[in-house]
Amino acid sequence: MSTLAPLRLLREPSNASEGNHSNATVGAGGGWCQGLDIPNELFLALGLVSLVENLLVVAAILKNRNLHSPTYYFICCLAVSDMLVSIGNLAEMLFMLLLEHGVLVMHPSIVRHMDSVIDVLICSSVVSSLSFLGVIAVDRYITIFYALRYHSIMTLQRAVVTMASVWLASTVSSTVLIAYYRSNTILLCLIGFFLFMLVLMLVLYIHMFALARHHLHSISSQQKPPTAHRGGSLKGAVTLTILLGVFFICWGPFFFHLILIVTCPTNPFCTCFFSYFNLFLILIICNSVIDPLIYAFRSQELRRTLREVVTCSW
């Protein structure tokens, strides 16, 4: 068992033999295809940083009643998803170290069950993170285009149903993924889900920015100062766009890796790309580290509450 096992199970296609891997290394550039040897300590350190950051975001949202709204509840769920990735990562690392040093002695069947539980935890957290990014984008879209009807459209009851549905779907789909991770059909579903979320967010953000640009143009032509609502909407759109950019940079290489597994599992250049899988995992963990920083610096209310949480001003 190794760090982020459910993702590392996808390190390379099952039908890529050792001979093919060796030929790919020679044929695709020698040293360039050696990949990166990233120590487990780096995974552990990033996991700890992500855990602390996301825990602070959750604490800040729970502490401040002004943040008790569907929008921040969705952000809180995203932070919980990122936090669970870190918890699963740390739990698996600790479990592995205890087994390797003989501190923990368990029957192999129990070890397999524990491994499966941690695998499902990490995978469900990853899928829920992608889902809540899309939910937050839709919520921001409603805020901007249906501002007067927002509270009637996005009620607390609907927000709770949405959050519960995301967690339930993420758990079920992750259980299936762990059980059939070698199936190309499962990989195609995962790739399709990523592409759907990416296209959804791109379409919503482009539409939001088109409206914001039109408003700014109208304001400048009339020589009127921007209203607080329009300024806040534009700031929210910029925040989500930053999140989208970070998401694409951090997750893009991993899903491109999955695409290559399905399309060219034995191609020398594809096999060479597979050797950098550890780097793709580091980028995934970095996404959980960067997201809370974006919330803290882009939301004044959340930034103030985070300061109170850190200084224990309860």
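Residues numbered from 1 in each chain as written. Predicted model: local features only at pLDDT ≥ 70, side-chain atom pairs only at ≥ 80, totals over all residues. Heavy atoms only, no water.

Here we come to the state of the cysteines. Per the counting criterion, the structure on display carries one disulfide. A sulfur-sulfur distance of 1.8 Å marks the disulfide that ties Cys-264 to Cys-270. Torsion about the S-S bond of the Cys-264 and Cys-270 cystine: about -85°, corresponding to left-handed handedness. For Cys-264, a relative accessible area of 17% gives the class buried. Unpaired in this structure, Cys-250 has its nearest cysteine sulfur neighbour in Cys-286, at a distance of 6.2 Å. (Disulfide = S-S within 2.5 Å. Buried < 20%, exposed > 50% of the residue type's maximum accessible area, 1.4 Å probe, protein only.)

Each aromatic ring pair is summarised here by two numbers: the centre-to-centre distance and the angle between the ring planes. With the rule as written, the count across this model stands at 10 aromatic pairs. Arranged with centres 6.0 Å apart and planes meeting at 45°, the rings of Phe-254 and Phe-277 form a pair that is tilted. One end of the pair, Phe-254, is in helix 9 (residues 228–263); the other, Phe-277, is in helix 11 (residues 277–298), and 23 residues separate them in sequence. With respect to class, Phe-254 is no different from Phe-277; both count as buried. (Phe/Tyr/Trp six-rings, centres within 6.5 Å; stacked < 30°, edge-to-face > 60°. Helix = DSSP H or I, 4+ residues; strand = E, 2+ residues; numbered from the N terminus.)

To continue, consider the layout of surface pockets. Size it by volume and the second largest pocket reaches roughly 210 Å³. Around the second largest pocket sit Val-127, Ser-131, Ala-169, Ser-170, Ser-173, Ser-174, Val-176, Leu-177, Ile-186, Cys-189, Leu-190 and Phe-193, which together line it. In terms of residue count, the dominant contributor to the lining of the second largest pocket is helix 7 (residues 156–179) (six residues). Here the residues of the lining of the second largest pocket are counted per class, giving eight nonpolar, four polar and no charged. (1 Å grid on protein atoms, 1.4 Å probe; cavity = no way out; pocket = protein on both sides within 12 Å on 5 of 7 lines; lining within 4 Å. Points joined across faces, edges and corners; volume = space filled by probe spheres on them. Nonpolar A, V, L, I, M, F, W, Y, C, P; charged D, E, K, R; others polar.)

What follows covers helix 4 (residues 70–100). End to end, helix 4 covers 45 Å across 31 residues, agreeing with the expected 45 Å (1.5 Å per residue, within 8%). Where helix 4 terminates, the next one or two residues include Gly-102, which has phi positive at roughly 75°. (Expected span 1.5 Å × (residues − 1).)

Further remarks concern the packing of helix 3 (residues 40–63) against helix 12 (residues 300–310). Relative orientation of the contacting elements helix 3 and helix 12 amounts to 105°, with a least axis distance of 9 Å. With respect to helix 12, the axis of helix 3 lies roughly perpendicular. In this structure, helix 3 contributes Leu-56, Val-57, Ala-59, Ala-60, Ile-61 and Lys-63 to the contact, and helix 12 contributes Leu-302, Thr-305, Leu-306, Glu-308, Val-309 and Val-310. For the contact of helix 3 with helix 12, the per-class residue count stands at nine nonpolar, one polar and two charged. (Axes fitted to C-alpha atoms, helices over the stretch in contact; angles between N-to-C directions. Parallel < 35°, antiparallel > 145°, perpendicular 65-115°, else oblique. Contact = heavy atoms within 4.5 Å.)

Let's shift gears to empty space enclosed by the protein. Counted according to the given criterion, the structure contains two cavities of 30 Å³ or more. The space that makes up the second largest cavity amounts to roughly 30 Å³. Along its surface, the second largest cavity is lined by Asp-82, Val-85, Val-126, Ser-129, Trp-251, Ile-284, Asn-287 and Ser-288. Put simply, the parts of the chain that give the lining of the second largest cavity at least two residues each are helix 4, helix 5 (108–145) and helix 11. By residue number, the principal contributor to the lining of the second largest cavity is helix 11, which donates three residues.

Another aspect to go through is the nonpolar core. If you look at the biggest cluster of nonpolar residues, it comprises 78 residues, and the most contacted ones within it are Ile-61, Met-201, Phe-247, Trp-251, Phe-254, Phe-255 and Leu-258. Per-element tally for this core: the top contributor is helix 5, with 14 residues. When sequence neighbours within four positions are dropped, the list of residues in contact with Phe-247 reads Leu-130, Leu-133, Phe-194, Leu-198, Met-201, Gly-252 and Asn-287. (Core = buried A, V, L, I, M, F, W, Y, C linked by side-chain atoms within 4.5 Å.)

Attention shifts here to the UniProt feature "transmembrane region" (unreviewed entry) in the chain. Those residues carrying the UniProt feature "transmembrane region" (unreviewed entry) are residues 42–62, 74–97, 117–138, 159–179, 185–212, 233–261 and 273–297 in this numbering. Helix makes up 100% of residues 117–138 and strand makes up 0%, while its end C-alpha atoms are separated by 31 Å. With 100% helix and 0% strand, the stretch residues 159–179 has end C-alpha atoms that lie 30 Å from each other. (UniProt positions renumbered as here; feature names shortened; annotations may be inferred.)

For the rest of this paragraph, the subject is the packing of helix 4 against helix 7. Two elements in contact, helix 4 and helix 7, have axes separated by 10 Å at closest approach and are oriented at 20°. Taken together, helix 4 and helix 7 sit at an angle that is classed as roughly parallel. Seen from above, helix 4 lies across helix 7 with right-handed handedness. Side by side, helix 4 and helix 7 meet where Pro-70, Tyr-73, Phe-74, Cys-77, Val-80, Ser-81 and Leu-84 of the first sit next to Leu-156, Ala-159, Thr-162, Met-163 and Trp-167 of the second. Looking at the contact of helix 4 with helix 7, its residues break down into 10 nonpolar, two polar and no charged. (Left-handed = near helix turned anticlockwise from the far one by under 90°.)

Attention now moves to the pattern of salt bridges. Applying the stated criterion across every chain, the model contains three salt bridges. Glu-301 is the salt-bridge partner of Arg-304, the closest N and O atoms lying 2.8 Å from each other. Here Glu-301 and Arg-304 lie together in helix 12, a separation of three residues that amounts to about one turn. For Glu-301, a relative accessible area of 26% translates into the label partly exposed. Here Arg-304 and Glu-308 are joined by a salt bridge, their closest N and O atoms 2.7 Å apart. Of this pair, Arg-304 and Glu-308 are both found in helix 12, four residues apart, which corresponds to roughly one turn of the helix. (Salt bridge = Lys/Arg side-chain N within 4 Å of Asp/Glu carboxyl O.)

Moving on to helix 12. Here helix 12 has its buried residues at Leu-302, Thr-305, Leu-306 and Val-309. Down the axis of helix 12, the buried set is contained in an arc of 105°. They therefore lie on one face. Once helix 12 finishes, Cys-312 follows within two positions and takes phi at roughly 60°, a positive value. (Arc of directions from axis to C-beta.)

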